[in-house]
Structure formats: C-alpha cells, structure tokens
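# Residue-level structural notes
Given next are the chains, with one letter for each unit.
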Amino acid sequence: MKPTDKSTIMVVDDTPDNLTLLGEMLNECGYRTLLFPRGDLALKAALRNKPDLFLLDIMMPNMDGYQLCSKIKEYPSLTNIPVIYISALDDTQSKVTAFSMGAVDYISKPFQKQEVLARVQTHLKLQKIQNELEIYNNRLEEMVADQTADLIQAQTIAQFGNWKHNLLSGETNWSLITHEIFEIPNGNPVSPMHLFSNLHPDDSEKTLKKWTNFREDGSVFMFNTQYRIKFNTGEKWIHSIAEYQFDEQGNKTKIIGAVKDITERKRYLEELSTKNQTLQDLAWKQSHAFRAPLTRIMGLANFAIEDQENALSCDFLLEQIRTSAKELDSIVREISQQITESQTNQSET
Amino acid sequence: MTKKKLPEILIVDDDPMILLLHKLIVQKAVPDENIIHQFEDGKKTLEFILDNDAHDKNYLILLDINMPVMDGWQFLDQLCESSYVSSICVAMVTSSIDYRDKMKANEYDLVFEYIEKPLKVDSFKSLLEEETTLRNC
C-alpha cells in the first residue's frame, strides 16, 4: 500500500516503542513522519510545519490526546487536518468523546499494521478530495461574485433596475438602481405596489388593470407596460416588465421584475415625432407650391388642345404657360438655395 | 321632355388664371353665363350664398382649399353653421394631393366629389350630371 504523494503524518505518543513502531511502519509505506512524545511539543511543531494527518494517543501525561485535539481545532490553519486516535481505551464512551472532539477515526490498541495504514490512506484521500472541493467551491464563489459584479455594472451602465418578490415569504428585494429610479432610499421597506405609487392619472387605470390581470388571471404570465410616475422633481416614464418564476411542480414562487427609466428616450421620440411632422408638413407645403403652377400649365395646355372656338388666343395661352413655368423654376431655385444654406450651416456646426 | 333646371355654378379659387380657365370650361357645358359666378375666397362666396338664399336656389360650388382670407375648410365649417334653405352641393377642386385633405373632405356631407386640378370639360360635365341626380333624389 503506497501513497500516491508523500504526505506527512504527525504521530504523538508518550510510549517510545509505539512511536518507533508507528514511525517505521509509515515510513516503509512512503509517508514522511513527525514523531513527538508530548502534545505541547507536537502542537508547536505543527504550527510551524503543517502535517497532513495527526495520529494521536489519548492517555498521555500533562496534555492528553483529547486536550491536544481540542487545541488543534482552535487554530484555523490546523482545524481541517484529520485527527485519528490510536488508543488502548476500548470503551464506547472514550470513542464517543474522541469523535465529539473532532476526530475522524479511532483505532484500538493493539493495532494491526494493515488497519492503521488503510485508515490513514482513506482519510488522506478524503482530506484531499475535501481540499479540492473547497478550492473548487472557492473558485465557484469567486466566479459567481465576479459575474454578479459584471451584471450589476452592466445594469448600472444600462440604468436597468431589477427586483424580485417572493410569493411564499412575501419578501421583496429591489436593486440599487430600482431604488434610485423610484427615488426610495435603499433600505426602506418596499413591495411590488411601490412600483405604481403616484401614477400619472392618465396612466393609472390602464396600468393597474394590467397589473391586476397579471396577478389574478391564471393565463397571464407577463407584465409589460410603460407608465408615468409623478415625483417632486417632475415626472418619469418607466418601462416595467415582470414575469413569474415557477418551482418544479409548476407553482408560482417568485415574481422577477426589471424597470428602466425611459424618460429621456420618450422625450427624444417625442422630439423626433415633432420634427418628423414638421418635415412632413414642409414636404406637403412644397408639393402644394409645385402643384399650383403645374396645374395651371396643365390646365392651359388642356384648354389649348380642347379650345376649338379659340376663346383664348394662342399667344395668351403660351404667355400664361411661360409665366407659370417661370414661377415653378423660381420655386425650385429657392428650394435648392435653402438646401445649400442648410448644408453649409450643418458643416459649420 | 322637360329640361332639368341647371344649378348656379360658383367657382371659388384665389388663382385668377384658374378662375378664368374654370369659367371657360364651365361655359362649354353651361352656355348661360348668368348662372356662373367667380369668387377669390371663401368669405365672399359665403356672403353671396347667404345674401341670395332662397328655397328655389340650387348651387354647385367648385371649391379650392388653400385660399387667403377664408380657406375651403373654414368656408365649409361656416356654411354648415349657417341656416340656409338653398340646395347646395360642393365639389372640391384642388391642386392638393395630400391624402389627409381627401379624408377631411369625406367628413362633410355637402361635399360629393373631390377632383384634382386641372378641371377638364368632361369631368365637369360628369359633375353636373351627378349633382342633378343627387338633387332629384
């Protein structure tokens, strides 16, 4: 039975023969050993140089095995190192006390070599797995913390607030951004209904109706709406989305929500819409300006063709057509000039 | 066969050339010059109608939209608010190709047709027939 790596076993026993025997036995199997006849000396050495496992006798003068184990468990650097008792005390109470002190195993004297080695190896393996698991857990925690920090930063950049409401406990949690959007200091108790405090009168009925449907209608699983909230500083447009979270049995357990202050976007869209309307009106106005002389030209031409009684002289018609064409030409020139001026102004800006 | 009574034709447009052209076109279908009247805005047209209002009066108005003083829409609104007894039919004759103007024209019961300028002799003759049919309904 050879260990895969050279682990260090600290053996503490006041009987020199036992120490020698255990030391030789473990060395033969490739372990490094640190042998101590007294608990206090062993503790000092362990604090300087951590072993991978303790093998402790119980009955020793000055500091017995229980006391040593209790001391070992007091030091954070040693507390996770497995302790195995190896003792002549064979009664149940001694074993129960040993385990309650934090030991992982108990070997009765006289011991069998194979048994000692098997138990040592098993506990070293377990310890190794536990250490790896701890490292893995720490890494996982770091990754989760890292991703949470990224998410919070991304939400802060996007000014996205999130919240959740536990339907079983009734507890509600808002993110910092959500508190900021709704101007409620972080730490103040909140509920989902705080999302609808001071609703703009024009949005109140429709918003609350949608929320009631979401909460009471079993076939509605999503709440998605935009509404205005009145604050002392003015009003804000809020885009609010919420969805249910379910357990494995399909029962609703939580409401997960996201909110965004879309006031700026709304203002921008409104401005865009006004500008668009102005542009449209201008286009219609221009088209009308074009159409007036154009319809005159078409009307005069139609009349020239259809006028068999010569009600208007050819010279008159041609002169009128030329006047209208000139009018059309000056409109086109004016528009061209306006475009050029606008382009110059833009490039100067 | 009794000859159907023709309506009086009111041509309303702020463009003097269009007024002249429309008058000549109307004259081709309605030789009686006494029943053709020309106005350069809605206000003068409205005053004429109300001053001459009578049960036996029939008017077919060829109405432009964009005019100074009182535009075509203002004219229609004020006419609707006035109490008159004459029989009136309005055809919008305009250079506007704005679909919103066409939609708005549909909202007035008085308006039975929307024609884009320039008016032609044939389209005016159709208007006249349509007006007569409507009046005799």
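Below is a short write-up of the structure.

What counts and how
- Residues numbered from 1 in each chain as written.
- Chains lettered and ligands numbered in written order.
- Predicted model: local features only at pLDDT ≥ 70, side-chain atom pairs only at ≥ 80, totals over all residues.
- Heavy atoms only, no water.
- Pairing = 2+ DSSP bridges.
- Helix = DSSP H or I, 4+ residues; strand = E, 2+ residues; numbered from the N terminus.
- Axes fitted to C-alpha atoms, helices over the stretch in contact; angles between N-to-C directions.
- Contact = heavy atoms within 4.5 Å.
- Buried area = accessible area lost by both parts, 1.4 Å probe.
- Salt bridge = Lys/Arg side-chain N within 4 Å of Asp/Glu carboxyl O.
- Polar contact = N/O pair within 3.5 Å; in protein donor to acceptor, adjacent residues only side chain to side chain.

Residues and elements named next belong to chain A. If you walk across this open sheet you meet the 5 strands as β2-β1-β3-β4-β5, and the pairing is parallel. Two strands in the sheet have a free side with no partner beyond their single neighbour: β2 (32-36) and β5 (105-108). Adjacent strand axes in the sheet meet at a mean angle of 20°, parallel and antiparallel pairs treated alike. As defined by bridge partners, strand β4 (residues 83-87) adjoins β5 across 4 bridges and the pair is classed as parallel. If you follow tyrosine 85 over to β5, its bridge partner there is tyrosine 106. Lying on the sheet, helix α5 (residues 113-158) is in contact with β1 (8-12), β3 (53-56), β4 and β5; it crosses β5 at an angle near 175°.

To continue, consider the interface of chain A and chain B. On the chain B side, the residues contacting the 22 residues of chain A number 21 residues. Both sides together, the interface formed by chain A and chain B hides about 1800 Å², and carbon and sulfur atoms give 64% of it. There are 2 salt bridges connecting chain A and chain B. Asp281(A) is the salt-bridge partner of Arg100(B), the closest N and O atoms lying 3.8 Å from each other. The interface formed by chain A and chain B contains 5 residue pairs in polar contact (both at pLDDT 80 or more). Counting residues per element, the ones that place at least two in the side of chain A that touches chain B are α8 (263-306) and α9 (314-348) of chain A.

Residue and element names in this part refer to chain B. The 5 strands are arranged β2-β1-β3-β4-β5 in an open sheet whose pairing can be described as parallel. The sheet is open, and its two edges are formed by β2 (36-39) and β5 (111-116), each paired on a single side. Taken over all neighbouring pairs, the strand axes of this sheet differ in orientation by 20° on average, direction set aside. Inspection of the sheet shows strand β4 (residues 87-94) paired to β5 by 5 bridges, in the parallel sense. Paired with methionine 92 across the two strands is tyrosine 114, which belongs to β5.

Shape is all these values report; function is a separate question.
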